[in-house]
Amino acid sequence: MTLHGASSLWSSPRRSPRGMCSLMTVLAALLTTTNAFPFLFPRVQPRINWTQPELAEWVIEEQPRSIHPHLELTHHPNRTNSEPSDSDAEFLERLRAIKTNRTATGRMLWYDAAAGDGLVYPPFVDKALKLLNLKQVAYEIENSVMSKVTCTACKAGAGMLQHQIQSGKSDEEIMRLIAEYCTNLNIQSARVCQGVSQLFGSELIYVLKRVNLTPDELCSFVIGDGCSDVYNPYHEWEVIFPPVPKPPRLADLPIPLEAAPFFKVLHISDTHYDPHYVEGSNAECNEPLCCRLSSGRPANPNAAAGKWGDYRKCDTPKRTVDNMLAHIAETHKDIDYILWTGDLPPHDVWNQTKEENLAIIKETVKQMVEKFPGIPIFPALGNHESAPVNSFPPPYVNQVDISINWLYDELDNQWRRWLPQSVSHTVRRGAFYSVLVRPGFRIISMNMNYCNNKNWWLLLNSTDPATELQWFIYELQSAEFSNEKVHVIGHIPPGHSDCLKVWSRNFYKIISRYESTITAQFYGHTHYDEFEMFYDPHDLNHPNSIAYIGPSVSPYYDLNPGYRIYYVDGDHDSTTRLVIDHESWIMNLKEANLYGYPIWYKLYTARAAFNMKALRPSDWHNLLNDLTNNQELFELYYKYYWKNSPARPTCDAECKKRMICDCKSGRSHDRKHFCTDVESKIDEESSKSWKSWFYRGLSNSGEQTPEEGSNSNTETTTDNNNWGSMDFIIVNVGG
């Protein structure tokens, strides 16, 4: 079945870690200064020799499985409270005292010429920018907010590349052309343009030479429902389920028992440790990552990078990572195990090498081992671990120079400190694994980069890369037979716009089929504090799973650093293995830089903050309804979503619709299917608020008598001004 995408109205609003913004923008720019318009949307598709890659023979059933409990229970004498969701009066008082600042706006990759930043473009460049609005394209790609503008630019760039390839230009000539235009149009600095063209250009050209897709098909694949839903038989596939009936579903899951044993679980994600961060360096550079010596000198004291990090486009300094880990080790001495959901290297994606990324992986693993000796850690692979970023060739791409074995082999060596030997074969094959944590409780770590639509290698063949989803089904079916409950961990949330729509659709079906087995999911990637809902595909009134999306350690960008603590139903006869409650902890970066020392504190606990009796899927579904109808509650969620950052922007009705739709859409690029009712409710409430304000103004003005007005010239003047403003509004609404 093919899911029909919608227009850009349903595109995702989320910002996500950035990697290929400059490349796609400059490809769009190339079109505006050439005479090659006929190649953009060719009616006759040129024939390119293309063969289906042969899939490696890999028999899932013959692989070893983790069947012995991996976690040894530890007695924690300091645990005196078995109800972790109890509120803290002092903490609540602190929250009330925190002042919010909603005046800041998101920052761009470059300065705005219209705002008077001093940049003046040559006439032909200005014309090119106006034609395709390259700044808007760059912003949308960087923040995963895809519209028709980005769609058009994508088609232009893809068509231009295909034209250059078909005209016989060499790879070096094409990459040089990309770098030159990127520099001449001031899209990025010369070194960023050069690095992007070399790192990403060669890979993209390699792939485009081997596929027979039109620009429409290419951009629909990469962008999703923001660029229509073009049918492409190469990228339509379905997983196969075993002929085993689905267990009868319960009307609702039982609430975990109070005062029962529980696991305390730490969730760390998106560290983005930057070994080259320098305090006092330029935090307002014109590149994707600042706060380094190479960023130059700050123009003024306010532009200097802070000691503990910065709200601008800067990643995490080592001292902040060390301080956070030391704080966690001291504050949470009773952690049972750790979920570590990826993205370790920084955002300097234009000049990364395999050697540098491996060094960062090794150093961060060493940090975790030293701070948490003897505590099991279950890692998942992020999209930034590869070099270049987002590049994860499936196993059939086995040439030495482009194979991903360099990364997966090292991950196996590093992760072996915490994982059993039985998972080595799947880690080396595709960086995914399954571990039996306790009797009846299993953790499955997914490599979500095989759903990453910025992973160009999937254009060759997106059909279940590395056979991961079919292996996932096998593991879940085995768990169902063994009466095990499963937690799923990964990096990119399956409902995020960065996840390929056909992969996400199949994953969604798997979650629905095994809803009685999977009791929670955990992801990162977005850097925000949020969640995603899953529903029965045939009954949207039946929520069947919840995905917890943990906050980032990195402040990149406009965020406070943070981490999560979960309390999971533990070992007892009536265990549900559900999450009982969770806490989000943050460090106020502004205060840390102002006073010279960071203070980590608990921002909120889910059940106390949102008045939830439990954290079952049905409870989160009810919260979504409350967020839609209760503006005060939504504003509280919005503050937590941004980790109480003073740099967070304001959120209007459109922002609210997009955010709640994000929570409700566990299946990517299908927002129209999930969000129509939510958007109509918010539109209705927004309309009511406007009408209430409008008629209240009429009523207040009409109630004032001439006698009352004559008592004060000031009052009369004010009243006339109000009516003048109202007349202005009426004229504009009528027009």
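Residues numbered from 1 in each chain as written. Predicted model: local features only at pLDDT ≥ 70, side-chain atom pairs only at ≥ 80, totals over all residues. Heavy atoms only, no water.

1. Structural notes on the overall build of the chain
- Secondary structure summary: the chain contains 22 helices and 12 strands in total.
- Counting only residues that meet the buried cut, the chain has 59% of its 735 residues in that class.
- Put simply, of all contacts in the chain between residues at least 6 apart along the chain, 76% involve residues at least 24 apart. (Helix = DSSP H or I, 4+ residues; strand = E, 2+ residues; numbered from the N terminus. Buried < 20%, exposed > 50% of the residue type's maximum accessible area, 1.4 Å probe, protein only. Contact = heavy atoms within 4.5 Å.)

2. Quick notes on the packing of aromatic side chains
- Tallied over the full model, the rule gives 33 aromatic pairs.
- For the ring pair tyrosine 563 and tryptophan 600, a centre distance of 6.1 Å and an interplane angle of 45° mean the geometry is tilted. Of the two residues, tyrosine 563 sits in strand E10 (residues 562-569) while tryptophan 600 sits in strand E12 (residues 600-605), which places them 37 residues apart along the sequence.
- Ring centres of tyrosine 637 and tyrosine 641 lie 6.2 Å apart, and the angle between their planes is 45°; this geometry places the pair in the tilted category. Here tyrosine 637 pairs with tyrosine 641, and both are found in helix H18 (residues 631-641), just four residues apart, close to one helical turn. In this pair, the class of tyrosine 637 matches that of tyrosine 641, namely buried. (Phe/Tyr/Trp six-rings, centres within 6.5 Å; stacked < 30°, edge-to-face > 60°.)

3. Quick word on the confidence of the model for the chain
- Looking at the chain, the pLDDT average stands at 82 and 76% of residues meet or exceed 70.
- Across residues 94-129, where pLDDT falls below 50, the model places 63 contacts with residues more than four positions away in sequence or in other chains. (pLDDT = per-residue confidence, 0-100.)

4. Topic: helix H11 (residues 405-415)
- Of all 11 residues in H11, eight are buried, a share of seventy percent or more.
- Looking at H11, one finds that the buried residues are Trp406, Leu407, Tyr408, Glu410, Leu411, Asp412, Gln414 and Trp415.

5. Considering the environment of glutamate 72
- Positionally, glutamate 72 belongs in the loop between helix H1 (21-32) and helix H2 (89-97).
- The spatial distance from the C-alpha of glutamate 72 to the C-alpha of valine 437 is 8.6 Å, given a sequence separation of 365 residues.

6. Re the sheet that holds strand E9 (residues 539-549)
- Strand order in this open sheet of six strands is E4-E5-E6-E7-E9-E8, and the pairing throughout is mixed. At either end of the open sheet lies a strand with only one pairing partner, and these are strand E4 (433-438) and strand E8 (530-536). Across the sheet, the mean angle from the axis of one strand to that of its neighbour is 30°, orientation sign disregarded.
- Pairing between strand E6 (residues 485-489) and strand E7 (residues 518-523): four bridges, direction parallel. (Pairing = 2+ DSSP bridges. Axes fitted to C-alpha atoms, helices over the stretch in contact; angles between N-to-C directions.)

7. A closer look at the pattern of salt bridges
- One pass over the full model with this rule turns up 35 salt bridges.
- Aspartate 619 serves as the salt-bridge partner of arginine 616, at 2.8 Å between the closest nitrogen and oxygen. In this structure, arginine 616 and aspartate 619 share a single accessibility class: buried.
- A single network of salt bridges, built from pairs that share partners, joins Arg65, Arg442, Glu475 and Glu484. (Salt bridge = Lys/Arg side-chain N within 4 Å of Asp/Glu carboxyl O.)

8. A word on the sheet that holds E12
- Spatial strand order, E3-E2-E1-E10-E11-E12: six strands in an open sheet with mixed pairing. Looking at the sheet topology across the chains shown, the edges are occupied by strand E3 (377-379) and E12. Within the sheet, the average angular offset between the axes of one strand and its neighbour, ignoring direction, is 25°.
- Judged from the six bridges that link them, strand E1 (residues 262-268) and E10 form a sheet pairing that is antiparallel.

9. Considerations on the state of the cysteines
- Counting across every chain of the model gives seven disulfides.
- Disulfide pairing places cysteine 154 opposite cysteine 219 at an S-S distance of 2.1 Å. Residues cysteine 154 and cysteine 219 are joined through a disulfide that is left-handed, its torsion about the S-S bond being -95°. A residue pair is termed long-range when its members are at least 10 positions apart, and cysteine 154 in helix H5 (residues 148-166) and cysteine 219 in helix H8 (residues 215-223) qualify at 65 residues. (Disulfide = S-S within 2.5 Å.)

10. Looking at empty space enclosed by the protein
- In this structure the tally under the stated criterion is 17 cavities of 30 Å³ or more.
- The space that makes up the second largest cavity amounts to roughly 110 Å³.
- Residue lining of the second largest cavity: Glu217, Ser220, Phe221, Val230, Asn232, His235, Glu236, Leu500, Lys501, Val502 and Arg505, and that is the complete set.
- Among the elements of the structure, H8 and helix H14 (501-513) are those that each provide at least two residues to the lining of the second largest cavity.
- Residue composition of the lining of the second largest cavity, grouped by class: four nonpolar, three polar and four charged. (1 Å grid on protein atoms, 1.4 Å probe; cavity = no way out; pocket = protein on both sides within 12 Å on 5 of 7 lines; lining within 4 Å. Points joined across faces, edges and corners; volume = space filled by probe spheres on them. Nonpolar A, V, L, I, M, F, W, Y, C, P; charged D, E, K, R; others polar.)

11. Some remarks on the side chain of glutamate 410
- Secondary-structure assignment places glutamate 410 in helix H11.
- Only 2.7 Å separates the side chain of glutamate 410 from the side chain of glutamine 414, close enough to count as a polar contact.
- Residues in contact with glutamate 410, not counting those within four places in the same chain, are Leu358 and Lys362. (Polar contact = N/O pair within 3.5 Å; in protein donor to acceptor, adjacent residues only side chain to side chain.)

12. A short note on the nonpolar core
- Counting residues in each nonpolar core, the largest one holds 160 residues, and the members touching the most others are Tyr337, Phe378, Leu407, Met446, Phe472, Trp503 and Trp620.
- When near neighbours in sequence (up to four residues on either side) are disregarded, tryptophan 620 contacts Phe531, Met533, Ile546, Tyr548, His582, Ala606, Met612 and Leu615.
- Core analysis: the next-biggest nonpolar cluster, separate from the first, contains nine residues, Val192, Val196, Phe200 and Tyr557 among them. (Core = buried A, V, L, I, M, F, W, Y, C linked by side-chain atoms within 4.5 Å.)

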